[in-house]
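Topology and contacts: notes
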Amino acid sequence: MPASSLPGATAGSDAAILRPGRAPAGGWRTATVREVAHPTPRTAMIRLDVPARVDHLPGQHYVVRLTAPDGYTASRSYSVASPPSDPLIELLVERLDDGEVSGFLADVLAPGDTLEVRGPIGGWFVWDADRPAVAVGGGTGVVPLVAMLRHARDRGRPELFTMVAAAGRWADLPYAEELAAAGARIVLSREDRPERPAGRIGLDDLPDLTAGPTVFVCGSAAFAEAASSLAVRAGADEDSVRVERFGPSG
Ligand SMILES: Cc1cc2nc3c(=O)[nH]c(=O)nc-3n(C[C@H](O)[C@H](O)[C@H](O)COP(=O)(O)OP(=O)(O)OC[C@H]3O[C@@H](n4cnc5c(N)ncnc54)[C@H](O)[C@@H]3O)c2cc1C
């Protein structure tokens, strides 16, 4: 099914063609888009009002389903960036130029539109600010970790959460300002930082993990593999490393 068959490619942000559809067992809900911002040209921050929402745990995701006029559907997963205390669900979507769903969400969706969503989903990659955690995210992989960071702050336990955030350049890193302000180590492979020359993430970027924190690693399959093996070299027990991969889906 070509991307041009999805609603986003046909008629702008006309909410009528984002059909809510039937809500099968499994909890599909019709969420209303309250805010859309574009923190960078390639990303959209989408804030949704999800009716009768079940509170999520930081690290969980929602599935978003689009329906074309001919009934064709495409579903993709998006991590929640907002903490449970936020009345809206915040997603951060990076537009892939040849992507079926992300282009619509990043370029076409507008406040007032509706979206079918199902969630929150995931029981393994979650953290409730109850014990020390170290999070390592690459690119949009920082999104679920931002929910954890915000939750730690909400709970008054920021000292329990240590974050390492990696990207090519500062402008490619979602939530860069917030992460830096919260004391995250920022690792840029193609840009120097005052505290770190440009270069891929390495062992020196990770804290000592021998004390046994839960380690959350999130990003592309390649990033997840590199960062999780670094975590083990930094002393993490393999069982304490939890990985979420943002590979192509659908
Ligand atoms: C748990 C989870 C959480 C996620 N959270 C986020 C998030 O917070 N933010 C975010 O931006 N993304 C997130 N993702 C990724 C997201 O679900 C989508 O995969 C992403 O948005 C791309 O979807 P798309 O429909 O735009 O691209 P797709 O149409 O799925 O294409 C993705 C890529 O695969 C290529 N491709 C597609 N089909 C083929 C094929 N047959 N052969 C070869 N290549 C192909 C495309 O060219 C494109 O480059 C998450 C994924 C998971 C699993």
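Residues numbered from 1 in each chain as written. Predicted model: local features only at pLDDT ≥ 70, side-chain atom pairs only at ≥ 80, totals over all residues. Heavy atoms only, no water.

Concerning the sheet that holds strand S5 (residues 89-94)
Spatial strand order, S4-S3-S6-S1-S2-S5: six strands in an open sheet with antiparallel pairing. Both outer strands of the open sheet, strand S4 (73-79) and S5, are each paired with one neighbouring strand and no more. Averaged over neighbouring strand pairs, the angle between their axes works out to 40° when direction is ignored. Where strand S3 (residues 61-67) and S4 come together, seven bridges link them in antiparallel fashion. In the strand pairing of S4, His-61 is matched with Ser-79. (Pairing = 2+ DSSP bridges. Helix = DSSP H or I, 4+ residues; strand = E, 2+ residues; numbered from the N terminus. Axes fitted to C-alpha atoms, helices over the stretch in contact; angles between N-to-C directions.)

Here's the deal with the packing of aromatic side chains
Using the criterion set out here, one finds two aromatic pairs in the structure. Ring geometry for Phe-125 versus Phe-216: centroids 5.2 Å apart, planes at 85°, classification edge-to-face. On the criterion of sequence distance, the pair formed by Phe-125 in the loop between strand S6 (114-121) and strand S7 (133-138) and Phe-216 in strand S10 (residues 214-219) is long-range, its members being 91 residues apart. Like Phe-216, Phe-125 is buried. Taking the centre distance of 5.1 Å and the plane angle of 35° together, the rings of Trp-127 and Phe-161 count as tilted. In this pair, Trp-127 sits in the loop between S6 and S7 while Phe-161 sits in strand S8 (residues 161-167), placing the two residues 34 residues apart along the sequence. The aromatic ring of Trp-28 is capped on one face by Arg-65, whose charged end is 4.0 Å from the ring centroid. Over the face of the ring belonging to Trp-28 we find Arg-118, whose NZ or CZ atom lies 5.2 Å from the ring centre. (Phe/Tyr/Trp six-rings, centres within 6.5 Å; stacked < 30°, edge-to-face > 60°. Buried < 20%, exposed > 50% of the residue type's maximum accessible area, 1.4 Å probe, protein only. Lys NZ or Arg CZ within 6 Å of the ring centre and 35° of its normal.)

With respect to the site of the ligand
Near the ligand there are 22 residues, and of these Arg-76, Ser-77, Tyr-78, Asp-98 and Ser-102 occur at the shortest range. In this structure, an oxygen atom belonging to the ligand sits 2.7 Å away from a main-chain N or O atom of Ser-77. A distance of 2.6 Å separates an oxygen atom of the ligand from a polar atom in the side chain of Ser-102. When residues of the shell around the ligand are traced back to their parent elements, those giving at least two are S4, S5 and strand S11 (241-245). Per-element tally for the shell around the ligand: the top contributor is S4, with four residues. Split by residue class, the shell around the ligand holds eight nonpolar, eight polar and six charged. (Near = heavy atom within 4 Å. Polar contact = N/O pair within 3.5 Å; in protein donor to acceptor, adjacent residues only side chain to side chain. Nonpolar A, V, L, I, M, F, W, Y, C, P; charged D, E, K, R; others polar.)

Structural notes on unusual backbone geometry
Along the chain, Gly-119 connects to Pro-120 via a cis peptide bond; the corresponding omega equals 0°. With respect to the helices and strands, Pro-120 occurs in strand S6. For Ala-129, which is not a glycine, the phi torsion comes out positive at approximately 55°. Examined against the element boundaries, Ala-129 turns out to sit in the loop between S6 and S7.

Thoughts on the pattern of salt bridges
Evaluation of the coordinates by the stated rule reveals 20 salt bridges. As a salt-bridge pair, Arg-42 and Glu-94 come within 3.9 Å of each other at their nearest N and O atoms. You can see Arg-42 sitting in the loop between strand S1 (29-40) and strand S2 (43-49) and its partner Glu-94 sitting in strand S5, a full 52 residues away along the chain. The salt bridge partner of Arg-153 is Glu-178, with a shortest N-O separation of 3.1 Å. Residue Arg-153 is located in helix H2 (residues 143-154), and its partner Glu-178 is located in helix H3 (residues 176-181); the two are separated by 25 residues in the primary sequence. Assessed through its relative accessible area of 22%, Glu-178 is described here as partly exposed. Residues joined in a network through salt bridges with shared partners are Glu-35, Arg-47, Asp-86, Glu-90, Arg-150, Arg-153 and Glu-178. (Salt bridge = Lys/Arg side-chain N within 4 Å of Asp/Glu carboxyl O.)

Overview of the sheet that holds strand S9 (residues 185-188)
A sheet is described by the order of its strands in space; here five strands give the open sequence S9-S8-S7-S10-S11, paired in parallel fashion. Both edges of this open sheet fall to S9 and S11, since each of them pairs with a single strand only. Sheet twist, expressed as the average angle between the axes of neighbouring strands with direction ignored, equals 15°. Bridge analysis of S8 against S9 gives four bridges, and the strand direction is parallel. Paired with Ala-167 across the strands is Leu-188, a residue of S9. Its contacts with the sheet put H2 on S7, S8 and S10, and the angle it makes with S8 is roughly 150°. (Contact = heavy atoms within 4.5 Å.)

Observations concerning the environment of Val-101
Locating Val-101 in the fold gives a position in the loop between S5 and helix H1 (102-107). Note on Val-101: relative accessible area 1%, which makes it buried. Considered as a pair, Val-101 and Arg-65 are 36 residues apart in the sequence and their alpha carbons are 8.7 Å apart. Excluding anything up to four places from it in sequence, Val-101 contacts Leu-66, Ala-74, Arg-76 and Tyr-78.

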